[in-house]
Amino acid sequence: MTYSERHVADLRLTTLQVLAAAGVETPVPILRAAVEEASPHRPGAGRLRQELSWLAERGLVALRAVGASVAAATIAERGEDVALGRERLAGVAPPGTD
């Protein structure tokens, strides 16, 4: 796995962990700030939306449009399983790997 692939996999894990900790639907700007606070990741808004779409395609999160350009995300049961290490998914770093 390349550095870039590891970086993206860790960003996805961190995003899932933040959503799992929140436990409620979270607007993307708030999610982005929480990801930045919880990790060294500094994703741009477009990058975070791209990764949220990737996670949604795999049934890990649900996305909902709020207004014209802002979305909100909610973790799905499967996403919580991946965030907590109960399930593994290629493309998402397992918890506890640095």
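Residues numbered from 1 in each chain as written. Predicted model: local features only at pLDDT ≥ 70, side-chain atom pairs only at ≥ 80, totals over all residues. Heavy atoms only, no water.

**Q** So, the overall build of the protein chain: which residues are in play, and what are the values?
**A** Secondary structure summary: the protein chain contains four helices and three strands in total. For the protein chain, the succession of helices and strands along the chain, N to C, is α-β-α-α-β-β-α. Against the 2.2 N^0.38 benchmark of 13 Å for 98 residues, the protein chain shows a C-alpha radius of gyration of 12 Å, consistent with a compact globule. A burial count over the protein chain gives 36% of its 98 residues as buried. Sequence-distant contacts in the protein chain: of pairs separated by 6 or more residues, those separated by 24 or more amount to 52%. Summed over all atoms, the accessible surface of the protein chain reaches about 5500 Å², with 53% contributed by carbon and sulfur. (Helix = DSSP H or I, 4+ residues; strand = E, 2+ residues; numbered from the N terminus. Rg over C-alpha atoms; globule rule 2.2 N^0.38 Å. Buried < 20%, exposed > 50% of the residue type's maximum accessible area, 1.4 Å probe, protein only. Contact = heavy atoms within 4.5 Å. Areas by Shrake-Rupley, 256 points an atom, 1.4 Å probe, with all protein chains shown as cover.)

**Q** How would you summarise the pattern of salt bridges if you had to cite specific residues and measurements?
**A** Evaluation of the coordinates by the stated rule reveals seven salt bridges. Notably, a salt bridge pairs Glu51 with Arg12, separated by 2.6 Å at the nearest N-O pair. Here Glu51, found in helix α3 (residues 45–57), pairs with Arg12, found in helix α1 (residues 3–22); they are 39 residues apart in sequence, far enough to count as distant. What makes Arg12 buried here is its relative accessible area of 11%. (Salt bridge = Lys/Arg side-chain N within 4 Å of Asp/Glu carboxyl O.)

**Q** Can you break down helix α2 (residues 28–38) residue by residue, with the values?
**A** What α2 keeps buried is the set Val28, Leu31 and Val35. Burial along α2 is one-sided: seen end-on, the buried residues are contained in an arc of 55°. Set apart from the buried face of α2 by more than 90 degrees, the exposed residues are Ile30 and Glu37. In this structure, the buried side of α2 is in contact with α1, β1 (26–27), α3 and β3 (70–75). (Arc of directions from axis to C-beta.)

**Q** Run through α3, naming residues and quoting values.
**A** Over its 13 residues, α3 extends 18 Å from the first C-alpha to the last, a length consistent with the 18 Å expected when each residue adds 1.5 Å. Burial in α3 covers these residues: Leu48, Glu51, Leu52, Trp54 and Leu55. Viewed along the axis of α3, the buried residues span an arc of 155°, placing them on a single side of the element. Summarising the contacts, the buried residues of α3 are in contact with α1, α2, β2 (61–66) and β3. Positioned one or two residues after α3, Gly59 has a phi angle of 75°, which is positive. (Expected span 1.5 Å × (residues − 1).)

**Q** Report on the environment of Ala83, specifying residues and quantitative values.
**A** Among the structural elements, Ala83 can be located in helix α4 (residues 77–83). Under the relative-accessibility criterion, Ala83 is labelled buried at 4%. Note: C-alpha distance between Ala83 and Pro95 (twelve residues apart in sequence) is 6.8 Å. When near neighbours in sequence (up to four residues on either side) are disregarded, Ala83 contacts Leu13, Leu16, Gln17, Ala20 and Pro95.

**Q** Can you lay out the confidence of the model for the protein chain for me, pointing to particular residues and giving the numbers?
**A** Here the protein chain averages 93 in pLDDT, and 98% of its residues register 70 or above. Mean pLDDT across the elements of the protein chain ranges from a minimum in β3, with 90, to a maximum in α4, with 97. (pLDDT = per-residue confidence, 0-100.)

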